[in-house]
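One letter stands for each residue in the lines below.
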Amino acid sequence: MLTYSNVNVNYGGLPVLRDISFKVEEGECVAILGHNGAGKTTLLKCSVGDVEGATGAVSYRGEPVVRGAVFMNSRRGIGLVPQGHNVFRQLTVRQNLGVAGLNSPGGALDDVYRLFPVLEQRGSQIAGSLSGGQQQILALGMSLMTKPSILLLDEPSTGLAPVIVNDVMDSLRQINNSGTTVVIVEQNIPATLKLASRAIVLKAGRTVFDGASRELARKEDLWTWF
Ligand SMILES: Nc1ncnc2c1ncn2[C@@H]1O[C@H](COP(=O)(O)OP(=O)(O)OP(=O)(O)O)[C@@H](O)[C@H]1O
Ligand SMILES: [Mg+2]
C-alpha cells in the first residue's frame, strides 16, 4: 500500500536518508525505530510529500505521493500525526476535532468519541489547558477525523506516563484491528515491539533491520541497535 523505492534525502549536503526501500502492506502495523537523528521523522514526512529535495519514489496504492502537496496526499487517505502535541491550543477540544474533519464529509466524530471517551467528556475545554497526554490523544483523534487508510505516527508516546502509554498503544491496536494500516515511529522500544508485528531500524539514515518484531525483540544485543 505504501512503497519506498531508493529514497535519498540530503540536508545541506549531509545524507539523512540513504537508499531507503521497503513496502508496507495493507493492514500491517510497522514500527520505525532508531536513535535521535537517525532520519525517522524525515522518513515519515516523505510519505506525505513533505520533504523538499527527496529523490527516489514514494507511492501509495500504486500512485506517486506528490511532493509538496501534503493536503492532497492526506485526502487520499494518508494520515500523519506529527511529533509533539499538534493541537490548536486556543480552540476547544470539539473545535479542534471539527477543524480536523472539515475536508472529510460524513464525519468520524462518533468513532473518535467511542475510541477516546475523554475527548467527548472534555469537548468544551480549551485544548491548551489539557494535560500533555490528553493533548496527544486529541492529536490522535484529530488524525482519525480524516478517516485515513494508513495512519503514520511520530512518537505518540513521548512524555506520557507508562499507564497512558499502554492506553495509547491499546487504542492503536484497536485502530489497526479495525483495518487501518499503522506505521509508528517510537523511542519506547519494548511497548512498540509488542504492538507492531514488523520493525524497521534506521541507523544514520540507513535501514539496518527490517523484519519481524519478535525476531528483533529476541536479540541479545537488542540495545546496541539503537
Ligand atoms: N529541515 C532540515 N534542515 C537541516 N537538517 C535537517 C532538517 N530536518 C532534519 N534535519 C537533520 O536530519 C537528521 C534526521 O532528522 P530527523 O528529524 O529525521 O531524525 P529523527 O530520527 O526523527 O530524530 P528524533 O528521534 O530526535 O526525532 C538530523 O540530523 C536533523 O538534524
Ligand atoms: Mg523525529
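Student: Explanation requested: the sheet that holds strand 2 (residues 14-24) in the structure shown.
Tutor: Within a sheet, adjacent strands bond to each other through the backbone by hydrogen bonds, running parallel or antiparallel. Spatially, 2-1-4-5 is the arrangement adopted by the four strands of the open sheet, whose pairing is antiparallel. Two strands in the sheet have a free side with no partner beyond their single neighbour: strand 2 and strand 5 (63-64). Here seven bridges tie strand 1 (residues 2-11) to strand 2, and the two strands are oriented antiparallel to one another. Looking at strand 2, one finds that Leu2 is bridged to Val24.

Student: Quick question: what am I supposed to make of the environment of Phe22 here?
Tutor: By the element assignment, Phe22 lies in strand 2. Taking relative accessible area as the criterion, Phe22 reaches 8% and is therefore assigned buried. Residues Phe22 and Thr207, 185 residues apart in the sequence, show an inter-C-alpha distance of 9.3 Å. In contact with Phe22, not counting residues within four places along its chain, are Leu2, Thr3, Tyr4, Ile32, Leu43, Arg198, Ile200 and Asp210.

Student: Where do I start with the pairing of strand 4 (residues 55-60) in this structure?
Tutor: Looking down a regular strand, the side chains alternate between one sheet face and the other. Pairing of strand 1 with strand 4 involves five bridges; the strand directions are antiparallel. Paired with Asn8 across the two strands is Thr55, which belongs to strand 4. Two successive antiparallel strands, strand 4 and strand 5, enclose a turn made up of two residues, where Arg61 displays a positive phi of approximately 50°.

Student: Looking at this structure, I do not really get the coordination of the magnesium ion (ligand 2). What am I missing?
Tutor: Six octahedral donors around a metal ideally sit at 90 or 180 degrees from one another, while four tetrahedral donors ideally sit at 109.5 degrees. With distances of 2.0 to 2.6 Å, the protein atoms coordinating the magnesium ion (ligand 2) are Thr41 (OG1) and Gln83 (OE1). With a gap of 42 residues between them, Thr41 in helix 1 (residues 40-46) and Gln83 in the loop between strand 6 (78-81) and helix 3 (93-100) connect regions that are remote in the sequence. A relative accessible area of 25% means that Thr41 is categorised as partly exposed.

Student: Would you take a moment to explain the sheet that holds strand 10 (residues 206-212) for this structure?
Tutor: A sheet is described by the order of its strands in space; here six strands give the open sequence 6-7-8-3-9-10, paired in mixed fashion. Edge positions in the open sheet fall to strand 6 and strand 10, since each of these has one partner strand only. Taken over all neighbouring pairs, the strand axes of this sheet differ in orientation by 15° on average, direction set aside. In this structure, strand 6 lies alongside strand 7 (residues 150-154), joined through four bridges in parallel fashion. The residue of strand 7 that forms the bridge with Gly79 is Leu151.

Student: Sorry if this is basic, but what is going on with the site of ligand 1 here?
Tutor: Around ligand 1, the structure places 13 residues, and the nearest of them are Gly37, Lys40, Thr41, Thr42 and Gln187. Asn36 places a polar side-chain atom, nitrogen or oxygen, 3.0 Å from an oxygen atom of ligand 1. In the environment of ligand 1, an oxygen atom lies 2.5 Å from a nitrogen or oxygen atom belonging to the side chain of Thr42. Within the complex, the protein chains bury 57% of what would otherwise be the 640 Å² of accessible surface of ligand 1.

Student: Where do I start with helix 6 (residues 132-144) in this structure?
Tutor: Note that an α-helix has 3.6 residues per turn; residues three or four places apart therefore point the same way. For helix 6, built from 13 residues, the straight-helix expectation of 18 Å at 1.5 Å per residue is met to within 8% by its first-to-last C-alpha distance of 19 Å. When you tally the buried positions in helix 6, you get eleven out of 13 residues, the bulk of the element. The set of residues buried in helix 6 consists of Gly133, Gln135, Gln136, Ile137, Leu138, Ala139, Leu140, Gly141, Met142, Ser143 and Leu144. In this structure, the buried residues of helix 6 make contact with strand 6, helix 3, helix 4 (109-115), helix 5 (117-121), strand 7 and helix 7 (162-177).

Student: What's the story with unusual backbone geometry in this structure? I'm lost.
Tutor: For residues other than glycine, phi is negative in most cases, and the peptide bonds are mostly trans. Non-glycine residue Asp19 carries a positive phi angle of around 55°. By the secondary structure assignment, Asp19 is in strand 2. The exposure class assigned to Asp19 is partly exposed, which follows from its relative accessible area of 46%. The backbone phi angle of Lys147 is positive, close to 50°, even though this residue is not glycine. Note on Lys147: relative accessible area 42%, which makes it partly exposed.

Criteria and thresholds
Residues numbered from 1 in each chain as written. Chains lettered and ligands numbered in written order. Predicted model: local features only at pLDDT ≥ 70, side-chain atom pairs only at ≥ 80, totals over all residues. Heavy atoms only, no water. Pairing = 2+ DSSP bridges. Helix = DSSP H or I, 4+ residues; strand = E, 2+ residues; numbered from the N terminus. Buried < 20%, exposed > 50% of the residue type's maximum accessible area, 1.4 Å probe, protein only. Contact = heavy atoms within 4.5 Å. Donors = N, O, S within 2.8 Å, 3.2 Å for Na, K, Ca; no water. Axes fitted to C-alpha atoms, helices over the stretch in contact; angles between N-to-C directions. Near = heavy atom within 4 Å. Polar contact = N/O pair within 3.5 Å; in protein donor to acceptor, adjacent residues only side chain to side chain. Areas by Shrake-Rupley, 256 points an atom, 1.4 Å probe, with all protein chains shown as cover. Expected span 1.5 Å × (residues − 1).

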